[in-house]
Amino acid sequence: MDYSILIGGAAGQGIETVVELLEKIIKRAGFNVFTYKDYMSMVRGGHNFMQIRFSDDEIYTYNSKVDIIFAMTQETISKHHDKLKSGGIIICDESFEENDFIKLPLQKLAKDLGNTKVVGTIGVGFIIKYLGISYDIAANTIKTFFKDENIDVNLEAFKIGYNIGENKYQLQSLEDDKILINGNQALALGAIAAGVKFYCGYPMTPSTSVMSYISRHANEMGIVVDQVEDEVAALNMALGASFAGVRAMTGSSGGGFALMVEALSLAGIMEIPIVLFNAQRPGPATGLSTRSEQGDLRFVIHAGHGEFPKMVIALRSPEDAFYQTARAFNLADKYQIPVVLLTDEYLADYDMTIKPFDFTKITIERYISNENEIEDERYKRYKYTESGISPRLVPGIANEKLVLVDSHEHNEYGNIDESIETRVNMMKKRMKKLDNLRTEIQEPDYIGAENPEYLLVGFGSTYGAIKEAVLRLNLTSEKFGALIFGDIYPFPVERLNYYSNKAKKIIVVEQNYLSQLKSLIDEYTDIKVDKSILKYDGRAINSDDIIQELNKFLSNYTI
Amino acid sequence: MKCEYELYKPSWCPGCGNYMIRDALKKALEDLEINPSKVVLVSGIGQAAKMPHYIGLNGFNGLHGRALPPAIGIKMSNKYLTVIVESGDGDTYGEGANHFIHTIRRNVDIAHFVHNNQIYGLTKGQGSPTTALGQKTTLQFDGVKLNPLNPLALSLTMGAGFVARGFSGDIEHLSNLMKEAILYKGYAHVDILQPCVVWNKINTFKWYKDRVYKLNDDYDYTDFELAYKKSLEFGDRIPIGIFYKVEKETYEQRFPFVENGEPLVKAELNPTNAQKLLEEFY
Ligand SMILES: Cc1ncc(C[n+]2csc(CCOP(=O)(O)OP(=O)(O)O)c2C)c(N)n1
Ligand code: SF4
Ligand SMILES: [Mg+2]
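Here the structure is a predicted model, which means the values were calculated and not measured.

**Focus on the overall build of chain B**
Piece 1. Secondary structure assignment for chain B yields nine helices and eight strands.
Piece 2. A compact globule built from 282 residues should have a C-alpha radius of gyration of about 19 Å, and chain B, at 20 Å, falls within 12% of that.
Piece 3. Based on the C-alpha atoms only, the size of chain B along its principal axes is roughly 70 × 45 × 40 Å.
Piece 4. Going through the 282 residues of chain B one by one, you find that 61% of them count as buried.
Piece 5. Working note: accessible area of chain B is about 11200 Å², and carbon and sulfur atoms make up 53% of it.
Piece 6. Where the 31 positive side-chain charges of chain B centre and where its 32 negative ones centre are 6 Å apart.

As structure tokens, this is what we get:
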């Protein structure tokens, strides 16, 4: 089984609440859920829609076709009716002009209940009955979902919707042992688990929900959250906090990230560990505020003037977001470098059921030295070492030694030094860290046939779509494989070379115009990429899109 | 206990006001007997901003205009540190003006000493936000065309609880101001008149010396309107001293776990403490 429900309406109509309730009920009934969200950058009006897909099987992305459309406005119908599968239904209010749909007296019933806001809950009742999902699970979910004063009226609304509906399917509940979470929540939770104590940032979609999640738990977890005056302040402030010894973080979307770039370079020369993220949206400039793209890959890899070691990790899924964020803090501390997490609107916002995070798997490795271990009379913050990593002391925690960090080129003490010798040695010292970092970079995930004829290559949030495309294609012929990069800078090439040697055709899948991942492959390997499947319309690519494009490309070959 | 603050050889020009400011700072810290390892000196970029290299303290010599944000991060992470910011007029009122305004809004417990030589020293003599209208510089050949910014009036109107002006030519007075600023609980703004002997031939040592006068002992520094009026006085006579000083709630006090707990840097990190947050996702 594999069903999708599309719910559409104007901004301000509360479709988020309807979707959150419905996806929670379906999740509690034990199904795997994937909810895709499409917003316009508006607070009122416009047209938003969300698609809840669910299955008893693993699912990794959204579907192009849907079984049910719940239209809160006429526009939902005109915009989306072509997505309806044959045999699918459209539910709307009786006042809508359309004829051949299921028209319900939603407005009237809600008015009778004395609360026009419960229109959505009546619709939820109807849908639950139609699908044959457990009434009790739904009712219990409602009891925990709404605030006390709203529970009764919503239960009533749900019942009414349930009773006016007809039943079509019988979906047996399964064991509910998963969590339902989006990428930004998972990222934030990863940071909290890793012990972030200072978070600062400036609101910018689609990054903001990380900050608001952390802020909601700030007092409970002892985290200072500061809404700064601008993103320039954000990274500089986070660096101050990290210098003072706490785990600190900031993040933004492309435009805000651009404002952090000077301070990113500062982190490079000061050798201050820091974790930050860029939740990409389509640029240039303001671009499409509420939509998705992977257009900042090159920007982030090269962000910061001058040359210094940094690491970039592309997050692939909510699960990845949690574990990689926690790992990023350890890597930043170990190498005393900035680690940039690259995500995007799609991953930030979609909800997905996954195995609950295992917090015992998270380790905290600070690599902060003890004052007694420092032999030099005067502490050398930038002492030359074999690894390029200098023992790190925290100011004020050290009782005798002084810690000096500097944005100029500096000598081992951190004092300004313009000599040729110091410059060359310090460049080598810092860049040596990049060589060592390379040895612990994670190779991309491989999915599919062990000897693929066709190798798909992607990074970050396209993970689910590519994975699902490969699994589907391999049902008919075991010829497909996919590599999806998480760690992307320094660029790991081993597995890419290995599978490229086996494959006849190499196809890159990414959400940008210039095929930036392909350009990295060109830069770091001798591999010839045969095709780039690109999407830069601001909407997330799914497995249907990939298969369709692949079929076009491979129509000359037998697959 | 008496703390000695080691001094390193500066690259400032002979006769530069920065030397006196450094002497005043050293004296203030020694008088207060604060262990150097418990002080962090944060600066941006400029001649003034080189201070962390010339005195034995913890130091964060960051980016031009960006001295205040890291100072806030440091103080919030370890409230037991004495955090001092030293930077130029360009650094503070030009490139970093936005941070200046919002730092006042936060009222974090830091002392901010602005070396105001009314010129860009390091970059060789361009006009700064406090250079007088019409003054010819190495860039503004026919004179500065922007009106000067009034630092004290600005910090006063933004709600700063400690606003003062010092003069590098009076070390005793300046070092007392610095002590007061360091002891003050909250953001303390001290604008320091400092001659730049190379690039500002108008606001010379003599120019300042002839004009500055100390606020009277009976001056009421809790009177906001008086302070504001005094802040507008900048011409033939220039007042120095504490213009305004009142108690205000600090930023730290607005975070109960910061105010009442151990410094954040001492927190024990345990990933499983966050386990409970998973509840809402079931
Ligand atoms: C982003 C950036 N812009 C410009 C500069 C160049 N710069 C360095 S210091 C400075 C002005 C210094 O003036 P001020 O802050 O008054 O300090 P002073 O040298 O007078 O003490 C400028 C423009 C820089 N380092 N970084
Ligand atoms: S240029 Fe001016 S501010 Fe800089 S050291 Fe020389 S006198 Fe001082
Ligand atoms: Mg200056």
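**Notes on the site of ligand 1**
Piece 1. The environment of ligand 1 is formed by 17 residues, the closest being Gln 47, Asp 89, Gly 90, Asp 91 and Gly 121 of chain B.
Piece 2. Surrounding ligand 1 is a set of residues that belongs to chains A and B.
Piece 3. Between ligand 1 and Ala 48 of chain B, the relevant distance is 3.0 Å, taken from an oxygen atom to a main-chain nitrogen or oxygen of the residue.
Piece 4. Between Asp 91 of chain B and ligand 1, the recorded distance is 2.7 Å, taken from a backbone N or O atom to an oxygen atom.
Piece 5. The fraction of the free accessible surface of ligand 1 (580 Å²) that becomes covered by protein chains is 78%.
Piece 6. For the shell around ligand 1, the element with the highest residue contribution is helix α3 (residues 89–95) of chain B, accounting for four residues.
Piece 7. Partitioning the shell around ligand 1 into residue classes produces five nonpolar, eight polar and four charged.

**What about the confidence of the model for chain A?**
Piece 1. In the predicted model, chain A carries a mean pLDDT of 96, and 99% of its residues have values of at least 70.
Piece 2. The lowest-confidence element of chain A is strand β6 (residues 102–104) of chain A, averaging 92 in pLDDT; the highest-confidence one is helix α10 (residues 231–243) of chain A, averaging 99.

**Quick word on the packing of helix α1 (residues 15–28) of chain A against helix α5 (residues 135–145) of chain A**
Think of two packed helices as two axes; the pair is described by the angle between the axes and how far apart they sit.
Residue and element names in this part refer to chain A.
Piece 1. Two elements in contact, α1 and α5, have axes whose closest approach is 9 Å; the angle formed by their N-to-C orientations is 130 degrees. What the angle tells us is that α1 and α5 run oblique. Considering only the axes of α1 and α5, their crossing is right-handed. When α1 is examined against α5, the residues Thr 17, Glu 20, Leu 21, Lys 24, Ile 25 and Arg 28 are found in contact with a partner set consisting of Ile 137, Ala 138, Thr 141, Ile 142, Thr 144 and Phe 145.
Piece 2. By residue class, the composition of the contact of α1 with α5 is six nonpolar, three polar and three charged.

About the thresholds
Residues numbered from 1 in each chain as written. Chains lettered and ligands numbered in written order. Predicted model: local features only at pLDDT ≥ 70, side-chain atom pairs only at ≥ 80, totals over all residues. Heavy atoms only, no water. Helix = DSSP H or I, 4+ residues; strand = E, 2+ residues; numbered from the N terminus. Rg over C-alpha atoms; globule rule 2.2 N^0.38 Å. Buried < 20%, exposed > 50% of the residue type's maximum accessible area, 1.4 Å probe, protein only. Areas by Shrake-Rupley, 256 points an atom, 1.4 Å probe, with all protein chains shown as cover. Lys, Arg positive; Asp, Glu negative; His and termini not counted. Charge placed at Lys NZ, Arg CZ, Asp CG, Glu CD. Near = heavy atom within 4 Å. Polar contact = N/O pair within 3.5 Å; in protein donor to acceptor, adjacent residues only side chain to side chain. Nonpolar A, V, L, I, M, F, W, Y, C, P; charged D, E, K, R; others polar. pLDDT = per-residue confidence, 0-100. Axes fitted to C-alpha atoms, helices over the stretch in contact; angles between N-to-C directions. Parallel < 35°, antiparallel > 145°, perpendicular 65-115°, else oblique. Left-handed = near helix turned anticlockwise from the far one by under 90°. Contact = heavy atoms within 4.5 Å.

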